[in-house]
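Results of the structural survey
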Amino acid sequence: TAPSLVQCTSITASDGAYAVLLADGQVVTWGDPRFGSDSSAVQHQLQNVRRLCATRNAFAAIRADGSVVVWGDANDGGDCRKVNDQLHDVQLIAGS
């Protein structure tokens, strides 16, 4: 069953998709996949999330341990493999 959005603590939008942070640290996404709504490849990592942000076509989530999970268009922030080793103890993130 789908999680209830009643426990929503924040909502973030790209140009055509939404990501909701639930009180238990899970993330729910929907909208147009071209704008980052498809989080299925990283859904198993979207646990204990504390913050969300978005760009035009991608999303980023900061987990409680300070790690960052990204998804969406690789050209718009949805791929952090080149800097992933530097993304630890992250407290704040912003999209542009």
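First, a word on what this report is: a plain description of the structure on this page. Predicted model, so just to flag it, every value in this text is computed and none were measured.

1. Some details on the nonpolar core
Val 27, Leu 46, Val 49, Leu 52 and Trp 71 are the most contacted members of the largest nonpolar core, which totals 14 residues. Taken together, the elements giving at least two residues each to this core come down to strand 2 (17-22), strand 4 (49-54), strand 5 (58-63) and strand 6 (68-72). Once residues within four sequence positions are removed from consideration, Val 27 is found in contact with Ala 19, Val 20, Leu 21, Gln 43, Leu 46, Val 49, Leu 52 and Trp 71. In terms of nonpolar packing, the next biggest core, distinct from the first, is built from 7 residues, Cys 53, Ile 62, Val 70 and Val 90 among them.

2. Here we look at the environment of Gly 31
By secondary structure assignment, the location of Gly 31 is in strand 3 (residues 27-31). If sequence neighbours within four positions are ignored, Gly 31 has contacts with Gly 16, Ala 17 and Ser 37.

3. As for the side chain of Ser 39
Secondary-structure assignment places Ser 39 in the loop between strand 3 and strand 4. On the basis of relative accessible area, Ser 39 is assigned to the buried category, the value being 4%. Once residues lying within four places of it in the same chain are set aside, the contact partners of Ser 39 are Thr 29, Leu 46 and Trp 71.

How each quantity is defined
Residues numbered from 1 in each chain as written. Predicted model: local features only at pLDDT ≥ 70, side-chain atom pairs only at ≥ 80, totals over all residues. Heavy atoms only, no water. Core = buried A, V, L, I, M, F, W, Y, C linked by side-chain atoms within 4.5 Å. Buried < 20%, exposed > 50% of the residue type's maximum accessible area, 1.4 Å probe, protein only. Helix = DSSP H or I, 4+ residues; strand = E, 2+ residues; numbered from the N terminus. Contact = heavy atoms within 4.5 Å.

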